[in-house]
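# Survey of secondary and tertiary structure
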There are 2 protein chains.
Amino acid sequence: MLTDALLLDRTPTVPGCAPARCQACKARGNSLCAAMGDGEISALHAIGRRRSLPAGQVFNWAGDQNNHCATVVEGMLKVTASTEDGREQIVGLLFPGDFVGELFEEDATLTVSTLCDTDLCTYPRAAFERTLEDHPRMERMLLRRTLAALGDARSRMLALGRRNAKERIAGFLLDLVERTGQPAGNGGVRIAIPISRGEMADYLGLTIETVSRQLSQLKASGILAFAKGDRGCTVLGEERLRAILNPA
Amino acid sequence: MLTDALLLDRTPTVPGCAPARCQACKARGNSLCAAMGDGEISALHAIGRRRSLPAGQVFNWAGDQNNHCATVVEGMLKVTASTEDGREQIVGLLFPGDFVGELFEEDATLTVSTLCDTDLCTYPRAAFERTLEDHPRMERMLLRRTLAALGDARSRMLALGRRNAKERIAGFLLDLVERTGQPAGNGGVRIAIPISRGEMADYLGLTIETVSRQLSQLKASGILAFAKGDRGCTVLGEERLRAILNPA
DNA sequence: CGGATCCTTGAATAGTTTCAACAACAGTGG
DNA sequence: CCACTGTTGTTGAAACTATTCAAGGATCCG
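Residue indices begin from 1 for each chain and proceed along its sequence in written order. To label them, take the chains in the order written and letter them from A, then take the ligands in the order written and number them from 1. Per-residue local features are limited, in this predicted model, to residues with pLDDT of at least 70; the limit for side-chain atom pairs, both in listing and counting, is 80 or more; totals at the level of whole chains, interfaces and linings are taken over all residues. Side-chain metrics rest on all non-hydrogen atoms present in the structure, leaving aside hydrogens and water.

Per an unreviewed UniProt entry, the recorded name for chain A is CRP/FNR family transcriptional regulator, and the organism is Sphingomonas kyeonggiensis.

### Considering the protein's contact with DNA strand D
As a matter of local geometry, DNA strand D sits amid 18 residues, with A165 and T210 of chain A together with R197, R213 and S216 of chain B nearest to it. Within 4 Å of the protein, the atoms of DNA strand D are drawn from sugar and phosphate moieties in a proportion of 61%. A distance of 3.2 Å is found between a base nitrogen of DNA strand D and a side-chain nitrogen or oxygen belonging to E209 of chain A. Contacts to DNA strand D include S216 of chain B, whose side-chain N or O atom sits 2.5 Å from a phosphate oxygen. Of all the secondary structure elements, the ones that give two or more residues to the surface near DNA strand D are α7 (208–220) of chain A together with α6 (197–204) and α7 (208–220) of chain B. The greatest single-element share of the surface near DNA strand D, amounting to five residues, is contributed by α7 of chain B. When its residues are assigned to classes, the surface near DNA strand D shows four nonpolar, eight polar and six charged. Near, as used in this document, describes a residue that has one of its heavy atoms within 4 Å of the molecule or strand being considered. Polar contact is the term for a pair of N or O atoms within 3.5 Å; when the atoms are in protein, one must be able to donate a hydrogen and the other to accept it, and sequence-neighboring residues count only if both atoms are side-chain atoms. Only DSSP runs of H or I with at least four residues qualify as helices, and only runs of E with at least two residues qualify as strands; both kinds are numbered from the N terminus onward. The residue classification treats Ala, Val, Leu, Ile, Met, Phe, Trp, Tyr, Cys and Pro as nonpolar and Asp, Glu, Lys and Arg as charged. All others, Gly included, are polar.

### With respect to the sheet that holds strand β1 (residues 49–53) of chain A
All names here are of chain A. Across the sheet, four strands lie side by side as β1-β8-β3-β6; this open sheet has antiparallel pairing. The open sheet terminates on both sides in strands that have one partner only, identified here as β1 and β6 (99–100). Two strands pair under a simple rule: DSSP has to find at least two bridges between them. By the bridge criterion, six bridges tie strand β3 (residues 68–74) to strand β8 (residues 118–124) in an arrangement that is antiparallel. Looking across to β8, one finds that A70 is bridged to T122. Should any heavy atoms of two residues lie within 4.5 Å, those residues are considered in contact. An axis is simply a line fitted to the C-alpha atoms; with a helix, the fit covers only the stretch in contact. Between two such axes, the angle follows the N-to-C directions and lies from 0 to 180 degrees. Taken strand by strand, helix α3 (residues 125–134) contacts β3, β6 and β8, and its axis lies near 75° from that of β8.

### Considering the UniProt feature "domain: Cyclic nucleotide-binding" (unreviewed entry) in chain A
UniProt's entry tags residues 51–149 of chain A with the feature "domain: Cyclic nucleotide-binding" (unreviewed entry), counted in the numbering of this structure. In residues 51–149 of chain A, helix accounts for 24% and strand for 39%; the two terminal C-alpha atoms are 24 Å from one another. UniProt positions are given in the numbering used here, feature names are shortened, and annotations may be inferred rather than shown by experiment.

### A word on the relation of the copies chain A and chain B
Only residues with pLDDT of at least 70 in both copies contribute their C-alpha atoms to the least-squares superposition of the copies. Between the two copies, chain A and chain B, the superposition gives an RMSD of 0.1 Å; the rotation angle is 180° and the shift along the axis is 0.0 Å. On this basis, the relationship between the two copies can be described by a two-fold rotation axis. Most of the interface of chain A is mirrored in chain B, where 98% of its interface residues again form contacts.

### Here's the deal with unusual backbone geometry
Residue and element names in this part refer to chain A. Unlike most non-glycine residues, F104 shows phi in positive territory, near 60°. With respect to the element layout, F104 can be found in the loop between β6 and β7 (111–114). Three labels apply to residues, based on accessible area from a 1.4 Å probe with only protein chains included: buried if under 20% of the type maximum, exposed if over 50%, partly exposed otherwise in between. Assessed through its relative accessible area of 24%, F104 is described here as partly exposed.

### Here's the deal with the protein's contact with DNA strand C
What surrounds DNA strand C is a group of 18 residues, the closest being R197, S212 and S216 of chain A together with A165 and T210 of chain B. Backbone atoms, meaning sugar plus phosphate, form 59% of the atoms of DNA strand C positioned within 4 Å of the protein. Between DNA strand C and the protein, one listed contact pairs a phosphate oxygen with a backbone N or O atom of A165 of chain B at 2.6 Å. In this structure, T207 of chain B approaches DNA strand C through a side-chain N or O atom, which is 3.2 Å from a phosphate oxygen. Contributions of two or more residues to the surface near DNA strand C are made by α6 (197–204) and α7 of chain A together with α7 of chain B. Per-element tally for the surface near DNA strand C: the top contributor is α7 of chain A, with five residues.

### Some thoughts on helix α2 (residues 38–47) of chain A
Residues and elements named next belong to chain A. All buried positions along α2 are accounted for by D38, I41 and L44. Seen end-on, α2 carries its buried residues on one side only, within an arc spanning 100°. Seen from the buried face of α2, the exposed residues on the opposite side, beyond 90 degrees, are G39 and A46. This arc describes the spread of directions from the helix axis toward the C-beta atoms.

### A closer look at the nonpolar core
Side-chain atoms within 4.5 Å are what join buried Ala, Val, Leu, Ile, Met, Phe, Trp, Tyr and Cys residues into a set we call a nonpolar core. Of all hydrophobic cores here, the largest spans 47 residues; its most connected members are L103 and F128 of chain A together with L44, L103, Y123, F128 and L142 of chain B. One finds V91 and L120 of chain A together with L53 and V91 of chain B within the second-largest nonpolar core, a separate group that totals 37 residues.

### Quick look at the packing of aromatic side chains
By convention, a stacked pair of Phe, Tyr or Trp rings (six-membered ring in the case of Trp) has centres within 6.5 Å and planes under 30 degrees apart, an edge-to-face pair has planes over 60 apart, and any other such pair is tilted. Taken as a whole and judged by the stated rule, the model has six aromatic pairs over all chains. Aromatic pair F172 of chain A and Y203 of chain A: ring centres 5.5 Å apart, planes at 55°, arrangement tilted. Of this pair, F172 of chain A sits in helix α5 (residues 165–180) while Y203 of chain A is found in helix α6, placing the two residues 31 residues apart along the sequence. Take Y203 of chain A: its relative accessible area is 4%, and that puts it in the buried class. In textbook terms, an aromatic cluster arises when at least three aromatic residues are bridged by ring pairs, as seen for F99, Y123 and F128 of chain A. For a lysine, the NZ atom is tested; for an arginine, the CZ atom; a charge sits over a ring if that atom is within 6 Å of the ring centre and within 35 degrees of the ring normal. Over the ring of Y203 of chain A we find R156 of chain A; its NZ or CZ atom is 3.7 Å from the centre of that ring. Directly above the ring of F95 of chain B sits R179 of chain B, whose terminal nitrogen or CZ lies 3.8 Å from the centroid.

### Re the interface of chain A and chain B
Taken together, the 43 residues of chain A in the interface contact 43 residues of chain B. Summed over both partners, the accessible surface that disappears when two parts come together, traced with a 1.4 Å probe, is what is meant by buried area. The largest share of the area that chain A buries against chain B comes from R154, M157 and R162 of chain A, three residues that together contribute 19% of it. Salt bridge criterion: a side-chain nitrogen from Lys or Arg within 4 Å of a carboxyl oxygen from Asp or Glu. One can count eight salt bridges joining chain A with chain B. Between R140 of chain A and E139 of chain B there is a salt bridge, with its nearest N and O atoms 2.9 Å apart. If you look at where chain A meets chain B, you find 16 residue pairs in polar contact (both at pLDDT 80 or more). Secondary structure elements with two or more residues in the side of chain A that touches chain B: β4 (77–82), β5 (88–94), α3, α4 (136–162) and α6 of chain A. At 18 residues, the largest contribution of residues to the side of chain A that touches chain B is made by α4 of chain A. Considered class by class, the residues forming the side of chain A that touches chain B number 20 nonpolar, eight polar and 15 charged.

### Describing the sheet that holds strand β12 (residues 232–235) of chain A
Remark on secondary structure: sheet strands pair via backbone hydrogen bonds, oriented parallel or antiparallel. Residue and element names in this part refer to chain A. Spatial ordering of the open sheet is given by β9-β10-β12-β11, a layout of four strands whose pairing is antiparallel. Both outer strands of the open sheet, β9 (182–183) and β11 (224–225), are each paired with one neighbouring strand and no more. By the bridge criterion, two bridges tie β11 to β12 in an arrangement that is antiparallel. Bridge pairing links A225 to T234 in β12. Across the sheet, α5 is in contact with β9, β10 (189–192), β11 and β12; its angle to β10 comes to roughly 95°.

Shown next as structure tokens:
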């Protein structure tokens, strides 16, 4: 699975009571806020501030003081861990509605940065943690999300520890099919690849060159179709991808 | 194989004060139960059953119905994910006080099994989830643990995706120093290696042979000392291990 | 147009796995 | 008691996979 997003428990809202910004928020339906009634939500609204970041910007550096957390309103972010000598591993991707930040930690251990222009609803971490205490439904929602993220992390550990390059690429593409797949005219599935080759490599624990070579091979064998400079592709052989991911 | 040695403690609940079983529980101090007062804890006690498992026993198979969760009272377990063709990756280790199980999932995706003789306090998952709802302090404790497990998983993703064999071994040994290290006479640190070479390999995403070779090399270079058949070793060069883990 | 970034491809290299053999040890049963 | 078997760990050699190093093409934007 590619995403931490979890759709559940959509509390019906009563129009007219929630602050205007929250009412109009695109992420409201599947963010932590979904757990809050219109009355409750003003507690979060009171401490939250909207912030727009351009693509490629860092929200928080590993090692810095961990003062802020946030909800993704629109856009995408990556969470990266790195070795001292600069090797990077993307340990998570964040989509609208996802929670951003490491709670209960004085210093950040991970770097969070935007993959495209992104809107966030940010909160001071301390204030957010206090709000969490007062709203068990929100805490429950966060628990479920965290459990989902943990499940995700564990399935990626299997990929990083035990799958070869071709299998990792196949798994990644199949995740994208699930998340962004749209039927294409020729019976294939059109998917968006929202990140660069370099970021794919950082996500999959490979090098840029290996990613490029594997994609070229899939193209040559007719499983995949994509044009140069195209951030997306058409999956023509979904079944064959599954066969690669799970060899006999 | 031995027949399933399964011991059930059916101590009746004593309302009002902590049940005797819980009072005497070795894990009480650092498990979820630590969040509960003596009165509260009887709610958990009411649904909990003690269970002893011998080493090498499976608590729950991936794919099976996910009906039970537990707290580790004594012993150790491993959580493994596997590919369809049988490659295994240990995605977590569990120690006394740790929570066992995947909440809010109908079917288990991971296999949990004992690494040594282990005592658990098991709960029916549904009943546990209900109890969780009634006890926000317990839920908060579980959230913190889950966040910690996620942080752990992410640092292991970095290791699996970006570190070579020697670095993974060094990191693993340093973790053990932190967790089980005892000063040894000669200025070194004595650590227990609680798992077999094969399990180390499954944990680190390597093969048995590579683990064995790397350990032999560390021994040859005087960083490590261990005898054949010894499930433990003495770290003589902790600083040199750190230098391996974080090369310039 | 020039420079920067991203992607692709080739050749050589290095690191890990695979395959194979063997030693040490525990438990089993004759 | 001793062979027999299965498990665990070690070591060597060969094979393979992914990385590293290197070069060139494509695209975008000033």
